[in-house]
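# Structure assessment
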Amino acid sequence: MLFSYAILAAMNPLVTTVIAVAATAVVIGVLAFFLGVTYRKKIAEAEIGSAEQESTRIINEAMKTAENKKKEALLEAKEEIHKNRTEADREIKERRNEVQRQEKRLIQKEETLDKKTEAMEAKNEQLQKSIAETEKVKAEISEIKQKQIALLEELSGLTSEQAKQKLVEQIEGEAKHEAAVRIKAIEDQLKEDAENKAREIISIAIQRCAADHISEAAVSVVPLPNEEMKGRIIGREGRNIRTLETITGVDLIIDDTPEAITLSCFDPVRREIARITLERLISDGRIHPARIEEMAEKARKEVDATIKAEGERAVLETGLHGINPELVKLLGRMKYRTSYGQNVLNHSLEVAHLSGIMAAELGVDVNLAKRAGLLHDIGKSIDHEVEGSHVDIGVNLAKKYRENEAVIHAIHAHHNDVEPTTVIACIVKAADAVSAARPGARRENLENYIKRLEKLEEIANSFEGVDKSFAIQAGREIRIMVKPEVVNDESLILVAREIVKKIENEMEYPGQIKVHVVRENRAIEFAK
């Protein structure tokens, strides 16, 4: 390479100069580097020496600090030991004092216990003395008792066992007599209740099922223009009559009755629909299943319209407002319902008017009384379709259509199913009885009605001691005045019972008759 530079230098003087400068710079740089390294080494050695001195100084200071801390810790430990020793001495002193106090207390308790023991011993000694005295008195009493028993046996002529036996026999006899009396009373009450229940059930069955002796309440007769019409109504293989019975739910009775067909059904609404249907079919002359169905539908609509109109008429006639439309329809259905031959809608209207009159006299709500009177038999409108008595059905209907509580209670109480607790209920009950019991209300002609009243008075006057008798309340009550010099207070009840028995044996009557016997006191019985 030097050889190359030499060649280059020989070739170019400027290059030679540059090379010389560069070589000089390199030499100067190397010298500077060595000088710097030497200087840094000296500085580092100086710093290392300074650090060793500083570390020696820190170690010396740490040792001094540790020595001081050690001395302080020893002082604190000594102080803590002294404090704990002082606290322990104080606690021991307190415990010693507490033990002394407990010892004193125990000594006092022992002294108290000794005193109590002495007192108990004294009481025990006194009790033993009392027991001994008691035993002595008991022996004396026993001796006196034996003497008294011996004296009683001597006076009565019976031993104690015989006296006991006689007393037991006497008590048994009295008990048997009392039991017999009570059994007889219970039997009489049961017979009376059974008879009442039987009559109630029979009356309900009669008014719900319309017994045969009131045939007009269960059957309707449709006249025919000729005998040929019977065959047309029956139809080929009986298809017409089967269709009519199926659609209307009514039994058609075609017998030897000339030019007439009988419709039989306990539901008066269905019977009315069947009657209208049959009359229109006969008038039209076209009788076949399709025509029967068409006519039955028209008749049903006509009857529904009549029911609605009758219900509205009843509401309008009584001047009541706000009655549920469904209840109005049910009122209209009662136009076709009878009870003991009495039309139920007319009966309800009559009860409503009577209730209003009574309420006005008593100063209670007239409209509420009329409302309760009009709705009191509402259950009879559907009692052919729903199980239960007409009272329960009516209560459920009134509750369903949110009637007034007073109206619901009046419906529930008008036949004593519950005890009437309001004036309205009592008014409706009385109005119902008046409407049902008035002459002619229930298919009883005037002659029979008068005969029953006369028979009642005749039976009462036949008894000795009866002064006068008066049949009142349409024959539901009879008041009898007796002669006080012949009939005393004790025999008053017997006279009433005898009259009741004779009335029950010799008369037939609906419901019950109240027999009211009057002297200074009154004896009241019911002939049921």
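Each chain carries its own residue numbering, running from 1 in the direction its sequence is written. Per-residue local features are limited, in this predicted model, to residues with pLDDT of at least 70; the limit for side-chain atom pairs, both in listing and counting, is 80 or more; totals at the level of whole chains, interfaces and linings are taken over all residues. By convention in this description, side-chain values take in all heavy atoms of the structure and omit both hydrogens and water.

## So, empty space enclosed by the protein
As a reminder of what qualifies: Using a 1 Å grid laid over the protein atoms alone, points where a 1.4 Å probe fits but cannot get out form a cavity; open sets with protein on both sides within 12 Å along at least 5 of 7 lines form a pocket; any residue with an atom within 4 Å of a point counts as lining. Grid points are joined across faces, edges and corners, and a volume is the space filled by probe spheres set on the points. Residues were grouped as follows: Ala, Val, Leu, Ile, Met, Phe, Trp, Tyr, Cys and Pro as nonpolar; Asp, Glu, Lys and Arg as charged; and all remaining residues, including Gly, as polar.
For the coordinates displayed, the defined rule picks out 1 cavity of 30 Å³ or more. A volume near 40 Å³ is recorded for the largest cavity. If you trace the largest cavity, you find it lined by Asp267, Pro268, Val269, Arg333, Arg337, Lys380, Ser381 and His384. Partitioning the lining of the largest cavity into residue classes produces 2 nonpolar, 2 polar and 4 charged.

## Comments concerning the sheet that holds strand 2 (residues 251–253)
Our working definition: A pair of strands is considered paired only if DSSP assigns at least 2 bridges between the two. Only DSSP runs of H or I reaching four residues or more are called helices, and only runs of E reaching two or more are called strands; each is numbered from the N terminus. Fitted lines through C-alpha atoms give the axes, limited to the stretch in contact for helices. The angle between two N-to-C directions lies from 0 to 180 degrees.
Pairing is antiparallel in the open sheet, where 3 strands are placed in the order 1-3-2. Each having just a single partner strand, strand 1 (219–223) and strand 2 make up the two edges of the open sheet. Within the sheet, the average angular offset between the axes of one strand and its neighbour, ignoring direction, is 25°. The sheet contact formed by strand 1 and strand 3 (residues 260–264) spans 5 bridges and is antiparallel. Across the sheet, Ser220 pairs through a bridge with Leu263, a residue of strand 3.

## Here's the deal with the side chain of Arg291
Convention followed: Only heavy atoms enter the contact rule, under which two residues are in contact if any of them lie within 4.5 Å.
You can see Arg291 is positioned in helix 7 (residues 289–318). Ignoring anything within four residues of it in the chain, the contact list for Arg291 reads Leu281, Asp284 and Arg286.

## Considering the confidence of the model for the protein
Counted only if it meets this: The pLDDT score gives, residue by residue, the confidence of the prediction method on a 0 to 100 scale.
Per-chain confidence: the protein averages 80 in pLDDT, with 87% of residues scoring 70 or above. Counted against residues more than four places away or in other chains, residues 205–216, with its pLDDT under 50, gives 22 contacts. Low pLDDT, under 50, characterises residues 439–445; the predicted model gives this stretch 14 contacts beyond four residues in sequence or across chains.

## Considering the pattern of salt bridges
Stated precisely, the cut-off is as follows: Think of a salt bridge as a Lys or Arg side-chain nitrogen and an Asp or Glu carboxyl oxygen that are within 4 Å of each other. Relative accessibility decides the category of a residue: with a 1.4 Å probe and only protein chains considered, values under 20% of the type maximum give buried, values over 50% give exposed, and everything between is partly exposed.
The tally for this structure, following the rule as stated, stands at 22 salt bridges. The residue Glu294 makes a salt bridge to Arg291 at a minimum N-O spacing of 3.3 Å. Remark: Arg291 and Glu294 occur in helix 7; sequence separation between them is 3 residues, near one turn of the helix. Using a relative accessible area of 37% as the deciding quantity, one classes Glu294 as partly exposed. Each of Asp284, Arg286, Arg291, Glu294 and Lys298 takes part in one network of salt bridges that share partners.

## Let's talk about the environment of Glu485
With respect to the helices, strands and loops of the structure, Glu485 is situated in the loop between strand 7 (477–482) and helix 15 (489–506). Sequence separation between Glu485 and Gly465 is 20 residues, and the spatial gap between their C-alpha atoms is 8.3 Å.

## Observations concerning a nonpolar patch on the surface
Put simply, the test is: Patches here: salt-bridge-free residues with over 30% relative accessible area, like charges joined within 9 Å, nonpolar side chains (Val, Leu, Ile, Met, Phe, Trp, Tyr) joined within 5 Å. Per-residue and other accessible areas follow the Shrake-Rupley method at a 1.4 Å probe size, with only the shown protein chains counted as cover for residues.
Together, Val26, Val30, Phe33, Phe34 and Val37 make up an exposed nonpolar region whose accessible area comes to about 490 Å². The residue Val37 is located in helix 2 (residues 13–156) in this model. Since its relative accessible area comes to 42%, Val37 is described here as partly exposed.

## Digging into the nonpolar core
Filter applied, for reference: Side-chain atoms within 4.5 Å link the members of a nonpolar core, which is a set of buried Ala, Val, Leu, Ile, Met, Phe, Trp, Tyr and Cys residues.
Counting residues in hydrophobic clusters, the biggest one holds 36 residues, and the most contacted among them are Leu374 and Ile378. With 6 residues, the single largest contributor to this core is helix 12 (residues 405–413). Sequence-distant contacts of Ile378, that is, excluding residues within four places in its chain, are made with Leu327, Leu330, Leu331, Met334, Gly394 and Leu397. Counting residues in each nonpolar core, the second largest holds 22 residues, with Leu453, Ala460, Ile478 and Val500 among its members.

## With respect to the packing of helix 10 (residues 366–375) against helix 12
Applied cut-off: Any angle between 65 and 115 degrees counts as roughly perpendicular, while under 35 counts as roughly parallel, over 145 as roughly antiparallel, and the rest as oblique. It is the rotation of the near helix from the far one that decides the hand of a crossing: anticlockwise by less than a right angle makes it left-handed, clockwise makes it right-handed.
With their axes 9 Å apart at the nearest point, helix 10 and helix 12 run at an angle of 40° to one another. Viewed along their axes, helix 10 and helix 12 adopt a mutual orientation that is oblique. When the axes of helix 10 and helix 12 are compared, the crossing they make is right-handed. Of helix 12, the residues touching helix 10 (which contributes Leu368, Arg371, Ala372 and Leu375) are Ala406, Val407, Ala410 and Ile411. Counted by class, the contact of helix 10 with helix 12 contains 7 nonpolar, no polar and 1 charged residues.

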